[in-house]
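Working through the structure, step by step
Here is what each chain is made of, one letter per residue.
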Amino acid sequence: MKNILEFNHNKAREFFLKEQSYFNFDLPSYFVFETLLNEISQEIDGGNIEDYYKIFKPKNGEQEKIIPSKLEGVNYILLNNKDGKYEWRPFQLIHPALYVDLVHKITEEKNWNLIVEKFGEFQDNPKIICHSIPIESESKLSDKATAITNWWQNIEQESLELALEYEYVLHSDINNCYGTIYTHSIPWALHTKSFAKGNRSRTHVGNVIDKYLRDMSYGQTNGIPQGSVLMDFIAEMILGYADLELTKKIEGSGIDDYKILRYRDDYRIFANNPHDAEETTKFLTEILIELGMRLHAQKTMVSNNVIRDSIKPDKLYWNAKKRGAKGLQNHLLLIHQLSEEFPNSGSLIKALDKFFNRVQNIKATKENIGVLISILIDISFKNPKTYTIACGILSKFLSLIDDTDKQEEILKQIEVRFGKIPNTGYIKIWLQRVTLKIDRKIDYDEKLCQRVNDDSIKIWNSDWLNDNINDIINKAVLIDENVIKEIDKVIDSDEIQLFEY
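Residues numbered from 1 in each chain as written. Predicted model: local features only at pLDDT ≥ 70, side-chain atom pairs only at ≥ 80, totals over all residues. Heavy atoms only, no water.

Each helix and strand counted, the protein has 24 helices and 11 strands in total. What you see for the protein is a C-alpha radius of gyration of 24 Å, in line with the 23 Å of a compact globule of 501 residues. Principal-axis analysis of the C-alpha atoms gives the protein an extent of 70 × 70 × 40 Å. For the protein, buried positions account for 53% of its 501 residues. Within the protein, contacts between residues separated by at least 24 positions form 76% of all contacts whose residues are at least 6 apart in sequence. Within the structure as shown, the protein displays about 23,400 Å² of accessible surface, and the carbon and sulfur contribution to it stands at 47%. (Helix = DSSP H or I, 4+ residues; strand = E, 2+ residues; numbered from the N terminus. Rg over C-alpha atoms; globule rule 2.2 N^0.38 Å. Buried < 20%, exposed > 50% of the residue type's maximum accessible area, 1.4 Å probe, protein only. Contact = heavy atoms within 4.5 Å. Areas by Shrake-Rupley, 256 points an atom, 1.4 Å probe, with all protein chains shown as cover.)

Now the structure itself:
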């Protein structure tokens, strides 16, 4: 794997224009965006997106440009329920024209060199280590799978090793990090706060990034889109700046015996004195407040058992509880119990992954499929992070039912069940994958689902663009029919699993 800060500006541009970087949440394999990104990139290379703004002439006035920050729906927002109740996370497919041009601006040689230099300053303190800079895989694993492996090696394993050196660890993370980032803080991070406040010119890359983020979000200055590696990298700019400011405060306090591991908005503060850990957290809180963010009070805790609390509690629980379950129903009930104890946890995803591997090659079973589906859907209903793998298992269970009327009845019941919770666009996309080879005409009221059967469905609001780029977007093939032709009714492991187990 390779850290993107090691790339030159050309390689960085190539990396951000990859489909894996444009969106990093799971979509069925027939959704394709890379060709569209590359066509727009070729069209605007060397120019500015503002050259493609649509012009209108109001009555008794001069010609004006339509500005994206004045329009709603520029980015496509895919709502995903977080807890089976009323909390939700908005994944975003950034408008491809804004995305590509922002990538171009960031990866201009002068701008990229400045950004890399600033990250060198952010990471100058060897006692504060960030392990979440985007990386590119150099193996058969995807970038996303490699990033997860990187977390395990550099956060969990390094935390365990630090138990030799430190007696206490304090865990905390930022509450709704992406949703609360103050976009004006990006110029502060890249150019210093005092300079940025006196220099608003778009010759400075921090101001450029700030403007593009507001163009994507109806002019708002709070929050950045979630769901792409590019936005993960921009978040790292602000969080790296916070690391730099934290270093200054700690040095001023005289605290020296500490180490901090950070993975994006997740902090592990190691110390031999609990007061030092809490004082460091107080400094961090003060810095984050200035940036519009705050720590999650319920997730902030200090422990004197570094070994135990360096491993996520769901993993410890599952390692202790898991055992061979002969029957499929018993196995699934065991996973259901895990989901009740540790909802939306990494161990839950891994347990379902292994269950999927178990059932994948089954041709028939004497167990009650209806009961298995009922348990599975109850797990998924309350644990939205499981949607993808649960739909893979569901597709297998449905294939074991010969009666098509029974299949349709079960699918209707599932639709009614999920209809009881708000913001379920994401599950509809995966339910469509389950039903696509059963009945492609099933209607789902989600734009990406509708685009599968209707090329005229517009995903982004492009009313601010002239015909040059609008034609590229309108003619773009976002659904690969060859992939749909090749996929089976049963979702294959390659479509949904990051790792082989």
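Moving on, we come to the environment of Phe7. Examined against the element boundaries, Phe7 turns out to sit in the loop between β1 (2–3) and α1 (9–16). Put simply, Phe7 and Ile375 are 368 residues apart on the chain and 47 Å apart in space, counted from C-alpha to C-alpha. Beyond its immediate chain neighbours, meaning those up to four positions away, Phe7 contacts Lys2, Ala12, Phe15, Trp112 and Glu136.

Attention shifts here to α1. By the burial criterion, the buried members of α1 are His9, Ala12, Arg13, Phe15 and Phe16. Angular distribution of buried residues about the axis of α1 spans 160°; they occupy a single face of the element. Residues of α1 that are buried make contact with α2 (19–22), α4 (96–106), α5 (109–122), β7 (135–136), α6 (143–162) and α11 (229–253). One side-chain oxygen at the N-terminal end of α1 lies 3.1 Å from the backbone nitrogen of Asn10; it belongs to Asn8. (Arc of directions from axis to C-beta. Polar contact = N/O pair within 3.5 Å; in protein donor to acceptor, adjacent residues only side chain to side chain.)

Below, the discussion takes up the packing of helix α16 (residues 346–359) against helix α18 (residues 387–399). Following both chains from N to C, one finds α16 and α18 inclined at 20°, their axes separated by 9 Å at the closest point. On the basis of the axis angle, α16 is roughly parallel to α18. With respect to the hand of their crossing, α16 and α18 are arranged in left-handed fashion. Residues Leu352, Asp353, Phe355, Phe356 and Val359 of α16 pack against Ile389, Gly392, Ile393, Lys396 and Phe397 of α18. (Axes fitted to C-alpha atoms, helices over the stretch in contact; angles between N-to-C directions. Parallel < 35°, antiparallel > 145°, perpendicular 65-115°, else oblique. Left-handed = near helix turned anticlockwise from the far one by under 90°.)

Let us look at the confidence of the model for the protein. Considering every residue of the protein, the mean pLDDT works out to 92; 98% of them sit at 70 or more. The spread of mean pLDDT over the elements of the protein runs between strand β2 (residues 55–56), the lowest at 84, and α4, the highest at 98. (pLDDT = per-residue confidence, 0-100.)

Okay, a negative patch on the surface next. A cluster of acidic residues, Asp402, Asp403, Asp405, Glu408, Glu409 and Asp439, forms a negative patch on the protein surface. Relative to the assigned elements, Asp405 resides in helix α19 (residues 404–418). By relative accessible area, which is 55% here, Asp405 ends up exposed. (Patch = residues over 30% accessible without salt bridge, like charges linked within 9 Å, V, L, I, M, F, W, Y side chains within 5 Å. Salt bridge = Lys/Arg side-chain N within 4 Å of Asp/Glu carboxyl O. Lys, Arg positive; Asp, Glu negative; His and termini not counted. Charge placed at Lys NZ, Arg CZ, Asp CG, Glu CD.)

Aromatic ring pairs: the centre-centre distance and the angle between the two ring planes describe each pair. A full pass over the atoms with the stated rule returns 24 aromatic pairs. Between Phe16 and Trp112, the aromatic rings sit 6.4 Å apart at their centres with planes inclined by 75°, giving edge-to-face as the arrangement. Note that Phe16 is positioned in helix α1 and Trp112 in helix α5, a separation of 96 residues in sequence. By the burial criterion, Phe16 is buried, and Trp112 matches it. Arranged with centres 5.2 Å apart and planes meeting at 40°, the rings of Tyr30 and Phe31 form a pair that is tilted. The rings of Tyr22, Phe23, Phe25, Phe33, Phe91, Tyr99, Phe381, Tyr387, Phe418, Tyr426 and Trp460 are connected pair by pair, giving a single aromatic cluster. The ring of Tyr212 has Lys211 lying over it, and the distance from NZ or CZ to the ring centre is 5.5 Å. (Phe/Tyr/Trp six-rings, centres within 6.5 Å; stacked < 30°, edge-to-face > 60°. Lys NZ or Arg CZ within 6 Å of the ring centre and 35° of its normal.)

Inspection of the secondary structure puts Pro225 in the loop between α10 (205–216) and α11. Under the relative-accessibility criterion, Pro225 is labelled buried at 1%. Pro225 sits 40 residues away from Asp265 along the chain, and the two C-alpha atoms are 15 Å apart.

In this section: the pattern of salt bridges. For the coordinates displayed, the defined rule picks out 29 salt bridges. When the shortest N-O distance is used, the salt bridge between Lys193 and Glu290 registers 3.1 Å. Residue Lys193 is located in helix α9 (residues 193–198), and its partner Glu290 is located in helix α12 (residues 274–290); the two are separated by 97 residues in the primary sequence. Residue Lys193 is classed as partly exposed on the basis of its relative accessible area of 27%. Owing to a relative accessible area of 52%, Glu290 belongs among the exposed residues under this scheme. The partner of Arg308 in a salt bridge is Asp309, and the shortest N-O contact between them spans 2.8 Å.

This part covers the side chain of Arg451. Structurally, Arg451 can be placed in helix α21 (residues 447–453). Not counting the four nearest positions on each side in its chain, Arg451 is found in contact with Ile457, Ile459, Ala476, Leu478 and Ile479.

The next point concerns the pairing of strand β10 (residues 266–271). Most of β10 sits out of view: 5 of its 6 residues are buried. As defined by bridge partners, strand β8 (residues 168–173) adjoins β10 across 6 bridges and the pair is classed as antiparallel. Looking across to β10, one finds that Tyr168 is bridged to Ala271. Bridge count for strand β9 (residues 258–263) against β10 is 6 bridges, and the pairing is antiparallel. Opposite Tyr263, over in β10, you have Asp266 as the bridge partner. What sits between the antiparallel neighbours β9 and β10 is a turn of 2 residues, in which Arg264 has the positive phi angle 50°. (Pairing = 2+ DSSP bridges.)

Its place among the elements puts Asp480 in the loop between α22 (467–475) and α23 (481–486). Separated by 447 residues in the primary sequence, Asp480 and Phe33 place their C-alpha atoms 9.9 Å from one another. Residues in contact with Asp480, not counting those within four places in the same chain, are Tyr30 and Val32. In this structure the side chain of Asp480 is engaged in a polar contact, spanning 2.9 Å, whose partner is the backbone nitrogen of Asn482.

Looking now at unusual backbone geometry. Unusually for a residue other than glycine, Thr192 sits at a positive phi of about 80°. Within the secondary structure, Thr192 sits in the loop between α8 (185–191) and α9. Its identity as a non-glycine residue notwithstanding, Arg264 has a phi of 50°, on the positive side. Summarising the element assignment, Arg264 is placed in the loop between β9 and β10.

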